[in-house]
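# Overview (structure and organization)
Here are the chains, one letter per residue:
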Amino acid sequence: MKYLHSIAALILCFSANIALAQNNSTIRGKLIDTATTPIEFANVLLFAENDTTKLVKGTISDATGNFIIENINSANYFLKVQLIGYTPKTIKVSVNTPSEKVDIGNITIATDTKLLQSVEVTAKKDIIQKTAQGMIINASATLTQAGGTATDLLRNTPTVVVDGEGGITLRGKTPLIWINGRNSNLSNTDQIPASSIESIEIINNPSAKYDADAEGGIINIKLKKSQEDGTNGAVAVGIGRGAAGRVNSSVLLNNKVGKWNIGLAYDNRFAGRVRNVDGDRTNFALPNEYYLTQRRVDNLAERNQNLRFNIDYAINAKNTLSFEAIGIIADNDNDEFLKNLIEKQNLSFTNQYTRRSIEIQKRKGADFALVYKRKFADSRKSLSANVSSSLNSNREDTNIDNQALLENNNPSGSPFLQRTYNYQNTSVSNLQVDYAQPISEKGILEMGYKGILRILNTDFQSQSKTDETYIPNPKASNIFDYQEQIHAAYGQYKSYIGDKQNPKLKYEIGLRAEQVWNSGKGVSNNVNVSNQYFNLFPTANFAYYLRQNEFVKLTYSRRINRPGLGQLNPFTDITDSLTQRSGNPALKPELVNSVEFGYSKDWEKISFSTNAFYRYASNIIQPFTILRPDGVLFTQPQNFGNSQTYGLENILTAYITKSWDTNISFSLFQQNINGNNVSAALANSVFSWYGKMINNFTLWKGSKLQLIGIYNSPIATPQGTRIAIYNVDLGFQQKIINGKGRLGLVVTDIFNTQKNGNVWNTSDFNFSRVSKVDTRAVLLTFAYTFGTSFKEKLMENKFSND
């Protein structure tokens with residue numbers, strides 16, 4: 001720990017005294033019509049003068065007609081303004097120096113009277129923006145998830161699969177979750193309000209610059225932050241009902257004057273939920289406990305509050321210092337009622353009992369980051385350093401009442417009372433430095449260092465009531481301490497072949513080295529874990545451009561999947577005494593090699609991309625369930641032999657008519673799991689596919705209707721499959737109060753089909769467990785903005801089902 005702090009101090013001192021920079025040119029202007037009325041939501045597109053088919057950058061005008069395009073290279077350009085209902089306009093713009101501020105002033109565009117006779121004026125913000133390593137999803141374009149959580153946004157994000165328990169996968173594997181580009185303890189997406197999210201970046205095959213611990217790729221959740229001059233803000237409220245009531249509200253404020261940019265945001269979300277869980281098990285080796293029927297009802301109360309603060313200070317034209325802080329308070333209570341019926345093989349009665357658990361969970365989290373940047377005249381050269389720390393405290397207390405029942409459902413004897421507590425503290429600290437240096441006219445050498453320190457302390461105790469006194473159970477209690485240090489360095493070379501404005505081939509070749517030390521100690525169960533390992537992770541990315549709007553790409557990467565803190569924690573969850581689960585502190589990391597070949601092309605109204613991928617993983621981490629002689633199913637993650645996954649991922653965006661556009665994503669993949677090292681019977685092979693269709697309709701001026709359909713087929717597990725998940729959501733939004741307000745209506749899971757579950761098929765038992773939450777709900781939202789910056793960022797997504 002002291003070494004990380006020392007390195008952090010050295011880096012910050014070093015950064016404060018070294019010259020560095022990047023391009024800081026901007027182009028700004030204001031769009032008006034012939035009556036000098038500001039024009040909002042117009043597309044402002046910047047094209048290279050020497051290649052008018054090459055889109056350099058683009059933006060959208062705000063409510064006052066203003067627009068700004070930042071970080072522009074010195075060159076000559078054509079600026080094109082277009083909006084349905086207006087005649088397109090193109091003007092020539094020149095940027096002569098790396099720090100020039102080009103102010104075009106007012107740009108007048110005329111009404112297209114012929115077009116207005118047939119269509120209402122409207123503007124849409126694209127859902128997807130393609131990047132070299134994946135895509136960026138505009139959160140504000142997803143109406144149906146307003147007022148929900150980051151999990152909800154991801155559920156309706158192309159190529160991302162979210163199960164009913166909130167588990168997130170990309171191409172069948174769990175991705176690394178970042179917050180604002182950093183590792184964080186706040187990466188529980190159920191506790192991040194959708195209203196606080198600006199965009200979601202999907203990185204399918206990360207380069208050497210990124211953490212090697214990204215077997216399933218990276219999902220970077222970027223929170224809202226304004227860079228507009230002046231004071232901007234917005235407020236929003238939502239109210240709705242599923243099985244119980246739900247409310248949420250948001251307030252965002254930002255002020256940028258001179259060298260200072262200060263932002264403050266608050267989000268809350270209060271929801272009552274109901275969950276039903278049905279379990280049916282057959283125990284082949286237990287004739288007196290052959291059939292188990294479980295019926296469970298959870299009454300959940302969720303109370304989440306987030307506070308965010310950011311401050312940016314431009315020390316001078318080349319140096320910027322930023323500080324970010326995020327605080328989370330989350331209270332999640334659950335009144336759970338479970339009934340177990342156990343029968344013999346001939347269906348005669350063995351026993352039954354009920355179990356009521358009152359769980360009170362309180363969580364507090366904080367995230368702090370200090371970021372330093374300095375700019376160079378050559379925009380290819382850059383240097384940045386950041387230090388961050390993420391702290392989390394979780395307290396869970398549970399009171400359990402067990403009551404045996406006779407066959408006629410009358411009580412048998414007195415209740416058996418238990419109580420447990422699980423207190424957990426975690427922290428994640430990061431130190432990162434990135435530097436890019438041009439070494440030729442076309443080549444850039446990138447290098448950097450990153451250190452991560454993770455600390456886990458958990459204290460779990462189970463107590464049983466005897467003679468009016470609660471007595472601790474040492475065999476079911478434990479204190480576990482765990483610490484992990486990761487030190488990584490990388491180097492990466494980037495270049496291209498061909499003309500700078502029209503390259504034929506772009507490529508990146510990199511190597512990342514990581515050294516890991518970790519250790520853990522269990523006080524009660526005498527578990528001691530100590531590991532250290534060193535790995536090299538090569539990466540390569542090639543993109544060949546057939547035309548400006550068409551390219552093929554080939555990527556290779558070697559990755560690692562380290563077990564998470566939750567997978568390592570040996571705490572045993574006994575909420576359901578017959579279906580228990582625990583972490584495994586002895587887990588080893590997975591090692592993964594992946595190859596991807598992709599093709600992408602853009603037409604005038606259609607965009608299509610497809611990616612074929614192959615992934616081979618050794619020492620894979622998967623949950624493994626055994627049936628104990630006492631009739632308890634016990635699940636714990638284990639290291640299996642290997643897995644192979646290969647498939648095809650496709651994304652299609654089409655503007656079908658002036659009032660209808662659609663985005664379709666569908667993936668097909670085969671997953672083969674070989675777990676012979678655990679059991680000779682552990683081999684599973686399943687073909688899976690999933691698809692999403694997002695439709696946007698403009699019904700009349702200022703309106704937007706969104707219809708989203710999702711289907712995820714069954715997915716392989718080592719001992720069975722995860723069941724299919726499918727649902728349809730509907731959202732509608734109408735501008736009011738001269739465009740400053742939005743009124744929205746959302747119906748989630750219209751047909752009430754969204755559920756989650758697993759099926760186990762083994763030689764010892766068969767088990768089906770299906771969970772259904774009250775996902776169908778009707779929700780009403782209202783948002784109002786002042787200033788301009790947050791208009792699209794806040795008001796498009798305000799309420800959801802989960």
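Since we're looking at a predicted model, the values are computed, not measured.

Counting 21 residues, the largest nonpolar core has V160, I197, I200, I202, I219 and I221 as its most contacted members. Of all the secondary-structure elements, those providing two or more residues to this core are strand 9 (134-138), helix 3 (150-155), strand 10 (160-162), strand 11 (168-170), strand 12 (176-179), strand 13 (197-203) and strand 14 (218-223). Contact partners of I219, with chain neighbours within four places excluded, come to L154, V160, I168, L170, P175, L176, I177, W178, I200, E201 and I202. In terms of nonpolar packing, the next biggest core, distinct from the first, is built from 19 residues, L31, Y77, V81 and L83 among them.

This brings us to the sheet that holds strand 29 (residues 572-573). Spatially, the four strands line up as an open sheet ordered 29-30-34-33, and their pairing is mixed. Looking along the sheet, the strands with just one partner apiece sit at the ends: strand 29 and strand 33 (621-627). Note that strand 33 and strand 34 (residues 633-639) share seven bridges and pair antiparallel. Residue pairing in the sheet places P623 in a bridge with P637 of strand 34.

The next subject is the pairing of strand 15 (residues 230-241). Looking along a regular strand, one sees the side chains alternate between the two faces of the sheet. One ladder, built from 12 bridges, connects strand 15 with strand 16 (residues 245-257); its direction is antiparallel. Looking at strand 16, one finds that V237 is bridged to S249. Adjacent in sequence and paired antiparallel, strand 15 and strand 16 are bridged by three residues. In this sheet, strand 45 (residues 777-786) lies alongside strand 15 in antiparallel orientation, the contact comprising nine bridges. Within the sheet, the bridge partner assigned to V235 lies in strand 45 and is Y784.

Here the structure, examined in full by the defined rule, presents 27 salt bridges. Here R512 and D211 are joined by a salt bridge, their closest N and O atoms 3.7 Å apart. Residue R512 is found in strand 26 (residues 503-522), and its partner D211 is found in the loop between strand 13 and strand 14; the two are separated by 301 residues along the sequence. The residues R512 and D211 share a single accessibility class, namely buried. Taken together, the salt bridges that share partners define one network made up of D211, D213, K450, R512, E514 and R562.

Looking now at the side chain of E343. Mapped onto the secondary structure, E343 falls in strand 19 (residues 319-343). Ignoring anything within four residues of it in the chain, the contact list for E343 reads N288, E289, Y290, Y291, S348 and T350.

The share of residues in the protein chain with pLDDT of 70 or more is 88%, and the mean pLDDT across the chain is 83. A low-confidence stretch, residues 1-22 (pLDDT under 50), is modelled with 48 contacts involving residues beyond four sequence positions or located in other chains. Scored below 50 in pLDDT, residues 789-802 makes 105 contacts in the model with residues more than four places away or belonging to other chains.

In terms of strand pairing, strand 40 (residues 720-722) meets strand 43 (residues 756-761) through three bridges, oriented antiparallel. The residue of strand 43 that forms the bridge with R722 is N758.

Moving on to the sheet that holds strand 1 (residues 25-32). On the basis of which strands lie adjacent, the open sheet formed by three strands has the order 4-1-7 and mixed pairing. Two strands close off the open sheet at either side, each with one partner strand: strand 4 (66-72) and strand 7 (101-108). Put simply, the sheet's adjacent strands are angled 15° from each other on average, direction ignored. As paired elements, strand 1 and strand 7 share six bridges and run parallel to each other.

A separate point is the environment of I197. Counting through the fold element by element, I197 comes out in strand 13. For I197, a relative accessible area of 0% gives the class buried. Through-space distance from the C-alpha of I197 to that of K225 is 9.3 Å; in sequence the pair is 28 residues apart.

Cut-offs used in this document
Residues numbered from 1 in each chain as written. Predicted model: local features only at pLDDT ≥ 70, side-chain atom pairs only at ≥ 80, totals over all residues. Heavy atoms only, no water. Core = buried A, V, L, I, M, F, W, Y, C linked by side-chain atoms within 4.5 Å. Buried < 20%, exposed > 50% of the residue type's maximum accessible area, 1.4 Å probe, protein only. Helix = DSSP H or I, 4+ residues; strand = E, 2+ residues; numbered from the N terminus. Contact = heavy atoms within 4.5 Å. Pairing = 2+ DSSP bridges. Salt bridge = Lys/Arg side-chain N within 4 Å of Asp/Glu carboxyl O. pLDDT = per-residue confidence, 0-100. Axes fitted to C-alpha atoms, helices over the stretch in contact; angles between N-to-C directions.

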